[in-house]
Amino acid sequence: MVISEALMQVFSGTMPHVVCSDRHISNSNISLFSKPRRRCIQKSGSVLLQQKGIVRISGPRSRFYRVPEHKLSKSQIYCCQSAESVNRRTTAEENETWYVDNAKKLNAIGNIVNGPTVLGFQGAEQLQGEKEGTISSRSVRPSRKVTVDPIEEEAWKLLQESVVTYCGSPVGTIAARDPTCSDALNYDQVFIRDFIPSGVAFLLKGEYDIVRNFILHTLQLQSWEKTMDCHSPGQGLMPASFKVRTVPLDGDESATEDILDPDFGEAAIGRVAPVDSGLWWIILLRAYGKCSGDRSLQERIDVQTGIKMILRLCLADGFDMFPTLLVTDGSCMIDRRMGIHGHPLEIQALFYSALLCAREMLAPEDGSADLKRALNNRLVALSFHIREYYWVDLKKLNEIYRYKTEEYSYDAVNKFNIYPDQISPWLVEWMPDKGGYLIGNLQPAHMDFRFFSLGNLWSVASGLTSKDQAHAILDLIEAKWADLVADMPLKICYPALEGQEWQIITGSDPKNTPWSYHNAGSWPTLLWQLTVACIKMNRPEIAARAVQVAEKRLPLDRWPEYYDTKRARFVGKQARLYQTWSIAGYLVSKLLLANPNAAQMLITDEDSELLNAFSCMIGSNPRRKRGPKSAKKTYIV
């Protein structure tokens, strides 16, 4: 075998300057490798011995080759052992300075929950005047530690243990590392949505490589062929998850290679495509650029193409009359049947946020002009639609209660023909005098009045809501603390589907029983979205209070995925322990509360153009817009 001969030359010493080094391979030595391997070498130009008995040909499609130890010379073994010991020592030293304890500052917040001057540290007044731009590593990296909180120390250790490597480089974190479960199912995979809090935590710590690798490798998976029953979805679809597998190399039993095995929904429970994956990917890409200062990543041609493919998939014309994205049930964090099909708030909030992030990152070129125009038009329409039709408070409920139905008119008040009897008795009693929220879904003759936490919180963080609405959402969370937070933050939705309603809507799903899992279970990972929303509205005391509640139980309960019962008294009956995004969500909350300015990488604010367009839409007459439509302009991806 040609590859075997080349590897033997490496280990016998006849191929100089390649083992345990990063030097380039000469052109004469490149010819020793087969064509696929040669392409890989020409891109990276190096062969690296990462650890004892393994040689790596690095590059975009890096491969590891396992070689028996007796074929290595003593000097080569010593070289690798030395490199490993240095790496372990460096990692240990870095671990000691990862996080500075801000316990005194956060305890001051927890003790004065609703005071006017809650922040005991700098940053509260700086939020309003903070300009968009790169968040320097100096502002993100905590200073040298004085004392380390044992809970945070344990969390960082667990997060590091969840890291997955591909060809020697970190590419993500697995969903959970539960030693009590023998059947991993898909919890040993790297999920796009699950990695977001992990990625943000690493960014805040100054560990940028894992986030960069994750972005690039998932981008490569975007172009993979994806079919189910002879049908292929749009090209811009991102996978729900991927798994790193080590398989034998063809033709050589003594060597193995790492491969990425993505799941676009064709193996998922219910076979649902992950609509939110691409939206989260764009949001993380922007966060990486703002936090690390490395704008070269988002300027790459392949990354720009990936952004455009996602946008084209989301902005494609369809039959829908609304600017919101039409999706099936289970296409986001709630990935099982829960009656959210149609236009769920979570997808709309992520969609709006991703559009703003993409507009900020798209390169100024002729091919993007039409795409940016379509993007801006959608932003205006989406913002108006959500603020106007999804919002409910006590005043709005009273209006719906008095709605007339069957209105046929351009000036109809009840545009979606909502029947007043849809207002449930629980909502009349539950809605506080001060506060409001965005409903979970809106379709013709249907309003889903459930409160969905992620959709509301990210609507605040992204600027999808107005400032008054954003404050009202936080007011409602405070007023209904016993229902939404109780003994563990935060309810994924409220209230639970029960009785016949649960049977019809969920199909009697045994995992989504009332007050469990997605049916009003409590999810600790939602802490970080709550923290971002609170910091944006300069009300971090709410998030600090929730963190204080969570850290009393999370480490004792071994960081579970979710909690059950109305007050979250029990660990979820099927919850995995040591759930990575529960760990990461807690860490991100602590880091952001200690350094609120860092939240700017996740926050987007409405600009003056959108505000002006929004004002024009409110005062417009729909009759004036009727008539022949001008020729549609296309955009190139």
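See above for the structure.
Let me begin by describing the structure that accompanies this report. No experiment lies behind these values; they were computed from the predicted model shown.

What counts and how
- Residues numbered from 1 in each chain as written.
- Predicted model: local features only at pLDDT ≥ 70, side-chain atom pairs only at ≥ 80, totals over all residues.
- Heavy atoms only, no water.
- Helix = DSSP H or I, 4+ residues; strand = E, 2+ residues; numbered from the N terminus.
- Buried < 20%, exposed > 50% of the residue type's maximum accessible area, 1.4 Å probe, protein only.
- Contact = heavy atoms within 4.5 Å.
- Areas by Shrake-Rupley, 256 points an atom, 1.4 Å probe, with all protein chains shown as cover.
- Pairing = 2+ DSSP bridges.
- Axes fitted to C-alpha atoms, helices over the stretch in contact; angles between N-to-C directions.
- Expected span 1.5 Å × (residues − 1).
- Phe/Tyr/Trp six-rings, centres within 6.5 Å; stacked < 30°, edge-to-face > 60°.
- Lys NZ or Arg CZ within 6 Å of the ring centre and 35° of its normal.
- Core = buried A, V, L, I, M, F, W, Y, C linked by side-chain atoms within 4.5 Å.
- Salt bridge = Lys/Arg side-chain N within 4 Å of Asp/Glu carboxyl O.
- Lys, Arg positive; Asp, Glu negative; His and termini not counted.
- Polar contact = N/O pair within 3.5 Å; in protein donor to acceptor, adjacent residues only side chain to side chain.
- Parallel < 35°, antiparallel > 145°, perpendicular 65-115°, else oblique.
- Left-handed = near helix turned anticlockwise from the far one by under 90°.
- Nonpolar A, V, L, I, M, F, W, Y, C, P; charged D, E, K, R; others polar.

1. Looking at the overall build of the protein
Along the protein, the regular secondary structure elements total 25 helices and 14 strands. Per-residue burial over the protein gives 56% buried out of 637 residues. The long-range fraction of contacts in the protein, counting pairs at least 24 apart against all pairs at least 6 apart in sequence, stands at 70%. Accessible surface computed for the protein: about 29,000 Å², of which carbon and sulfur atoms make up 50%.

2. Description of the sheet that holds strand 7 (residues 241-249)
Pairing within the open sheet is antiparallel, and its 3 strands lie in the order 6-7-8. This sheet does not close on itself; its edge strands, each paired only once, are strand 6 (190-191) and strand 8 (252-263). Pairing geometry for strand 6 and strand 7, over 2 bridges, is antiparallel. Residue pairing across strands places V190 opposite F242, the latter belonging to strand 7.

3. Observations regarding the sheet that holds strand 10 (residues 436-443)
Judged by pairing direction, the sheet is antiparallel, and its 4 strands sit side by side in the order 9-10-11-12 without closing on themselves. At either end of the open sheet lies a strand with only one pairing partner, and these are strand 9 (391-393) and strand 12 (493-494). Each of strand 9, strand 10 and strand 11 (446-452) is contacted by helix 15 (residues 369-390), which is oriented at about 105° to strand 10, the strand it contacts most. Packing of helix 18 (residues 453-462) onto the sheet brings it into contact with strand 10 and strand 11, and relative to strand 11 it is tilted by some 80°.

4. Section: helix 10 (residues 209-222)
For helix 10, spanning 14 residues, the distance from its first C-alpha to its last is 20 Å, which sits close to the expected 20 Å at 1.5 Å a residue. Along helix 10, 11 of the 14 residues are buried, which leaves the element largely enclosed by surrounding structure. Residues I210, V211, N213, F214, I215, L216, H217, T218, L219, L221 and Q222 constitute the buried set of helix 10.

5. Considering the packing of aromatic side chains
Scanning the model with the defined rule gives 19 aromatic pairs in all. Against the face of Y517 rests K511, its NZ or CZ located 4.3 Å from the ring centre. Positioned above the aromatic ring of Y187, the side-chain terminus of R576 is 4.4 Å from the ring centre.

6. A look at the environment of P179
Structurally, the position occupied by P179 is in the loop between strand 5 (169-173) and strand 6. In sequence terms P179 and L577 are 398 residues apart; their C-alpha atoms lie 7.9 Å from each other.

7. Some remarks on the nonpolar core
Among the nonpolar cores identified, the biggest contains 164 residues, and W281, Y437, F449 and W458 are the most heavily contacted of them. Ranked by residues supplied to this core, first place goes to helix 14 (residues 345-361) with 12 residues. With residues up to four places along the chain from it excluded, the contact list for W458 reads W280, I283, A349, L350, S353, W528, Q529 and L602.

8. Considering helix 14
Helix length check: helix 14 (17 residues) gives 24 Å between terminal C-alpha atoms against 24 Å at 1.5 Å per residue, within 8%. In terms of burial, helix 14 is a largely internal element, 16 of the 17 residues being buried.

9. Details of the pattern of salt bridges
Evaluation of the coordinates by the stated rule reveals 21 salt bridges. Among the salt bridges present, the one from E360 reaches R286, with a minimum N-O distance of 3.0 Å. With E360 in helix 14 and R286 in helix 11 (residues 275-292), the pair connects residues that are 74 residues apart, well separated along the chain. According to the relative accessible area criterion, E360 is partly exposed, its value standing at 35%. Each of E152, E551 and K590 takes part in one network of salt bridges that share partners.

10. Remarks on the side chain of K480
Inspection of the secondary structure puts K480 in the loop between helix 19 (467-479) and helix 20 (481-484). Of the side chains bearing the opposite charge, D483 lies closest to the buried K480, which forms no salt bridge; the N-O distance is 4.8 Å. A polar side-chain atom of K480 sits 3.1 Å from the main-chain carbonyl oxygen of W430.

11. Thoughts on the environment of K205
Within the element layout of this structure, K205 appears in helix 9 (residues 192-205). Linking K205 and L591, residues 386 residues apart in sequence, is a C-alpha distance of 8.7 Å. Within the local environment of K205, its side chain forms a polar contact with the side chain of E207, the two groups lying 3.4 Å apart.

12. As for the pairing of strand 7
Side-chain positions along a regular strand alternate between the two faces of the sheet. Of the strand pairs in this sheet, strand 7 and strand 8 are connected by 9 bridges, and their pairing is antiparallel. Residue pairing in the sheet places L249 in a bridge with D252 of strand 8. Hairpin connection, strand 7 to strand 8: the antiparallel pair is bridged by 2 residues, and G251 has positive phi, about 85°.

13. Section: the packing of helix 10 against helix 13 (residues 301-315)
As a packed pair, helix 10 and helix 13 sit with axes 10 Å apart at the nearest point and diverge in direction by 55°. On the basis of their axis angle, the class for helix 10 and helix 13 is oblique. Note that helix 10 runs across helix 13; the crossing there is left-handed. Taking contact as the criterion, the partners of L216, L219 and Q222 in helix 10 are, on helix 13, D302, V303, G306, M309 and I310. For the contact of helix 10 with helix 13, a count of residues per class yields 5 nonpolar, 2 polar and 1 charged.

14. A short note on the side chain of S462
Counting through the fold element by element, S462 comes out in helix 18. Owing to a relative accessible area of 0%, S462 belongs among the buried residues under this scheme. Looking at S462, its side chain comes within polar contact range of the main-chain oxygen of S459, at 3.5 Å. With sequence-adjacent residues up to four places away left out, S462 is seen in contact with A349, Y352, S353, L356, K536 and T604.

15. Details of the packing of helix 22 (residues 527-536) against helix 24 (residues 580-594)
Packed helix pairs are specified by the crossing angle of their axes together with the interaxial distance, meaning the distance between the axes. Two elements in contact, helix 22 and helix 24, have axes separated by 7 Å at closest approach and are oriented at 20°. Judged by the angle between their axes, helix 22 and helix 24 are roughly parallel. Of the two elements, helix 22 crosses helix 24, and the hand of that crossing is left-handed. Within the contact between the two elements, helix 22 uses L527, W528, T531, V532 and I535 and helix 24 uses G585, V588, S589, L592 and L593.

16. Comments concerning the pairing of strand 11
In terms of residue burial, strand 11 counts as a mostly covered element, since 6 of its 7 residues are buried. Across 4 bridges, strand 10 lies against strand 11 in antiparallel orientation. Considered in strand 11, the bridge of I439 is made with F451. Count of turn residues in the strand 10/strand 11 antiparallel hairpin: 2 residues, of which A445 carries a positive phi of about 60°. Sheet topology places strand 11 next to strand 12; 2 bridges connect them, and they run antiparallel.

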